[in-house]
Amino acid sequence: MRAYTPKDDVQAKSYYTDRYYVSPQVPKQEVESDAVFAADLATIKAKFEVKEAYIQVKQMVVYINANDIYGVLELMRDELEYTQLSEMSAIDWLAKDNTFEIFYQMLSMNKRKRIRIKYFINKGQAVDSVNELFRSADWSEREMFDMFGIVANGHPFMKRILMPYDWQGNPLLKTYPLEGDEFAAWYEVDKIYGKEARATIGPEIRDTARVDRYDSERFARLGYEVPKGTKITDDMEKTEQSYQEDGGVFLIKKFDKASSVIVDDPQR
Amino acid sequence: MAQVTNRLTPFFENITFDRDDNELILNFGPQHPSAHGQLRLMLHLQQEQIVKAHPDIGYLHRGMEKMAENMIYNEFMPTTDRMDYIASSSNNYGFALAVEKLIDVEVPRRAKVIRMMLLEINRLMSHLFWLATTALDIGAMTVFLFTFREREYLMDIIEGYCGARLTHAAIRIGGVPLDIQDSFIDQLRTFLNKLPANIKDYEDLLDTNRIWLMRMEEVGTISKEMALSWGCTGPMLRASGVAWDIRKEEPYELYDEVEFNVPWSDKGDNFARYRVYMEEMRESAKILYQTIDMYEQCVINGETELMAHSPRYISAPKIDIMTQNYSLMQHFVLVTQGMRPPVGEVYIPTESPKGELGFYINSQGGPYPYRLKLRAPSFWHTGILTDLLPGHYIPDVVSIIGTTNIVFGEVDR
């Protein structure tokens, strides 16, 4: 049976994967293998439900319930010395089971340890803002809202941060195409001139290598140069090329086309 | 009377001026020369004093995280150059290190030494550029000319190594592509020997300069709590009383073998940050001298390997590709399909010149990262302006933006 691939995932996909290819795993260690992490986890477990915890690449990953996040981060900041929220964002698992995975990357400078707190939310569910605990969450949560459309409850200014305020769609969703959707393609035209101008202006040319040989506004054709804006036709006469000023340069003769030979035969 | 709006005046310009108070709203940027790129600040003013600041970013947003999800790992490397384009090797390095941790390969020692050289040269380039632009914003034209001269020497060295001056792409996943050129060490040593005198020149011009001191001292003071809460890292954090340097605390490469100090200050103002940057340049020079010795030791020991050996993920050396069929096949697969790291996730922080540059990679075993989050320090160093600017005056905005050392390639990604 063919493997199931979600139809609306428009991300780049490998064009060939061996049918029996089994990916290796990044090894996970038991939390008990590190005394500091084990103590931290015990403190969190005493107050909150921990679904899963392990150590991967020297950092502890802890899965908690979505509505415990504020409490857990408060506990970590005030009692466990995790004083910085380095980073937070989401991962789109909508195609798999209609959820987002949210991660918070915590740093303790005293212990020199990093912990990643994670939880899952359903599509359309909001998260609790931790802006009150860590001001760095102010912009992170706005970025997450911008990129995934996940609202943070209790955030003072839940507006888009990187995209324009009137943007539609969330760029980091797997369903959002890399080159943008229809709204993105016509954004400037619609905004400045209105939808009715689409036909007049035409779609944006995205082929960077495209050269229109009849365009005298932007391109000059060697040997067939015309003044800017002239209408170019196919039967144009070749412009005479001058290779040297009349005064001449010492030791260099003026290029004379008549007396020179242009070799056509590449096998000469 | 309310402002008349039309299609050309977007959302924020529609703020109406029909209030009764004296508050003036000033748009600072996005094309302001001292905004260091595309920063737009909405400043609410009472006379000349700022009562509310609203930094607006996104003018340089290129969607690098989205691009990363649609590229094979090696393909993404030149894109990372465009983040902090003042010190692009440090971005290359951060990404390469994260993928190396994901696929668990060990880089040969000689490559590590070369990488450290590149990283520290980039740090010097970045700090010199910072000093130049900040001093220029404040009006010290001479410092700008001096530092750009020195930065030019470093760019020449880098150009000799990788052919590019700004966007280096000089580091590969698993090592470095090339050995340093013959003249590299001599050029670097000549530069380093001159550097102390150069730094002294800048300090002579600035340290006791009345204008410089007035613009720097007691301006833009960030408390320790505020810096931690806002996720500040690098010189921003060290100038606020936290001596935290990832090179020292969580050493990567060979930083645990070199001798250097972590300069820090507990003042937290612009001047403290300036001093931290100046001292860091001296420390970088110290590290570079040691890496030269380490490199020469590698040559003596006959350690010539530059790329890790890991056939599953990394192409064989060119000589093998040219002579051995299996290496050629493996290279072909790795270039056309890309490496497939194991299923798992990593978050790897490195100390870039601006602060903690972290790469979070979630791999699902495919040739494209399932999710890649770029943790760029400047993002939060811009965010802190929200809380930092109120209470200051308009001229302070320029010097504060200067000392935060934000680069918009990195803020907007």
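Residues numbered from 1 in each chain as written. Chains lettered and ligands numbered in written order. Predicted model: local features only at pLDDT ≥ 70, side-chain atom pairs only at ≥ 80, totals over all residues.

## Some words on the interface of chain A and chain B
Part 1 of the reasoning: On the chain B side, the residues contacting the 39 residues of chain A number 45 residues.
Part 2 of the reasoning: The residue inventory of the side of chain A that touches chain B, partitioned by class, reads 18 nonpolar, 13 polar and 8 charged. (Contact = placed C-beta atoms within 7 Å. Nonpolar A, V, L, I, M, F, W, Y, C, P; charged D, E, K, R; others polar.)

## Things to note about the confidence of the model for chain B
Part 1 of the reasoning: Taken residue by residue, chain B gives an average pLDDT of 88. The fraction at 70 or more is 94%.
Part 2 of the reasoning: Among the prediction metrics, the complex's ipTM stands at 0.86, with pTM recorded as 0.85. (pLDDT = per-residue confidence, 0-100.)

## Quick notes on the nonpolar core
Part 1 of the reasoning: Counting residues in each nonpolar core, the largest one holds 117 residues, and the members touching the most others are Ala98 and Val99 of chain B.
Part 2 of the reasoning: Counting residues per element, this core draws most heavily on helix H4 (residues 109–138) of chain B, which supplies 17 residues.
Part 3 of the reasoning: Formed jointly, this core draws a minimum of three residues from each of two domains, domain 1 (11–56) and domain 2 (64–412) of chain B.
Part 4 of the reasoning: With 42 residues, the next largest nonpolar core counts Ala90, Ile91, Ala137 and Met144 of chain A among its residues. (Core = buried A, V, L, I, M, F, W, Y, C linked by C-beta atoms within 7 Å. Buried ≥ 20, exposed ≤ 12 C-beta atoms within 10 Å, placed from the backbone. Helix = DSSP H or I, 4+ residues; strand = E, 2+ residues; numbered from the N terminus. Domains from an automatic or database assignment.)

## Brief notes about the packing of helix H2 (residues 73–80) of chain B against helix H3 (residues 88–103) of chain B
Each packed pair of helices is defined by two parameters, the angle between the axes and the distance between the axes.
Residue and element names in this part refer to chain B.
Part 1 of the reasoning: With their axes 8 Å apart at the nearest point, H2 and H3 run at an angle of 155° to one another. Considering their axes alone, H2 and H3 lie roughly antiparallel with respect to each other. Remark: the crossing between H2 and H3 carries right-handed chirality. Of the residues in H3, those in contact with Tyr73, Phe76, Met77 and Thr80 of H2 are Asn91, Asn92, Phe95 and Val99.
Part 2 of the reasoning: Grouping the constituent residues of the contact of H2 with H3 by class yields 5 nonpolar, 3 polar and no charged. (Axes fitted to C-alpha atoms, helices over the stretch in contact; angles between N-to-C directions. Parallel < 35°, antiparallel > 145°, perpendicular 65-115°, else oblique. Left-handed = near helix turned anticlockwise from the far one by under 90°.)

## Structural notes on H4 of chain B
Residue and element names in this part refer to chain B.
Part 1 of the reasoning: With 30 residues, H4 extends 43 Å between its outermost C-alpha atoms, agreeing within 8% with the 44 Å of an ideal straight helix rising 1.5 Å per residue.
Part 2 of the reasoning: Of all 30 residues that make up H4, 27 are buried, and the element is covered over most of its length.
Part 3 of the reasoning: Positive backbone phi, approximately 115°, marks Gly139, located one or two places after H4. (Expected span 1.5 Å × (residues − 1).)

## Looking at the packing of H4 of chain B against helix H5 (residues 141–162) of chain B
Residues and elements named next belong to chain B.
Part 1 of the reasoning: Contact geometry for H4 and H5: axes closest at 8 Å, N-to-C directions at 160°. One finds that H4 runs roughly antiparallel with respect to H5. You can see that H4 and H5 cross each other, and the crossing is left-handed. Each of Ile121, Leu124, Met125, Leu128, Phe129, Leu131, Ala132, Ala135 and Leu136 in H4 lies in contact with H5, whose residues at this interface are Met141, Val143, Phe144, Thr147, Phe148, Glu150, Arg151, Leu154, Met155, Ile157 and Ile158.
Part 2 of the reasoning: Of the residues assigned to the contact of H4 with H5, the class counts are 17 nonpolar, 1 polar and 2 charged.

## Details of unusual backbone geometry
Part 1 of the reasoning: Although it is not a glycine, Gln47 of chain B adopts a positive phi angle of roughly 55°.
Part 2 of the reasoning: Looking at where Gln47 of chain B falls in the secondary structure, it is placed in the loop between strand S2 (40–46) and strand S3 (49–56).

## With respect to the domain arrangement of chain B
All names here are of chain B.
Part 1 of the reasoning: For chain B, the assigned domains are domain 1 (11–56) and domain 2 (64–412).
Part 2 of the reasoning: In this structure, domain 1 and domain 2 have C-alpha centres spaced 32 Å apart.
Part 3 of the reasoning: On the domain 2 side, the residues contacting the 16 residues of domain 1 number 18 residues.
Part 4 of the reasoning: It is S3 that contributes the most residues to the side of domain 1 that touches domain 2, 7 residues altogether.
Part 5 of the reasoning: Along the lines of polarity and charge, the residues of the side of domain 1 that touches domain 2 split into 8 nonpolar, 6 polar and 2 charged.

## Notes on the sheet that holds strand S6 (residues 371–375) of chain B
Residue and element names in this part refer to chain B.
Part 1 of the reasoning: The strand order S4-S5-S6 describes an open sheet built from 3 strands, whose pairing is antiparallel. In the strand order of this sheet, the two ends are held by strand S4 (343–352) and S6, each with one partner. Pairs of neighbouring strands in the sheet enclose a mean axial angle of 10°, with direction left out of account.
Part 2 of the reasoning: Together, S4 and strand S5 (355–364) form the strand contacts of H3, whose direction differs from that of S4 by roughly 150°. (Pairing = 2+ DSSP bridges.)

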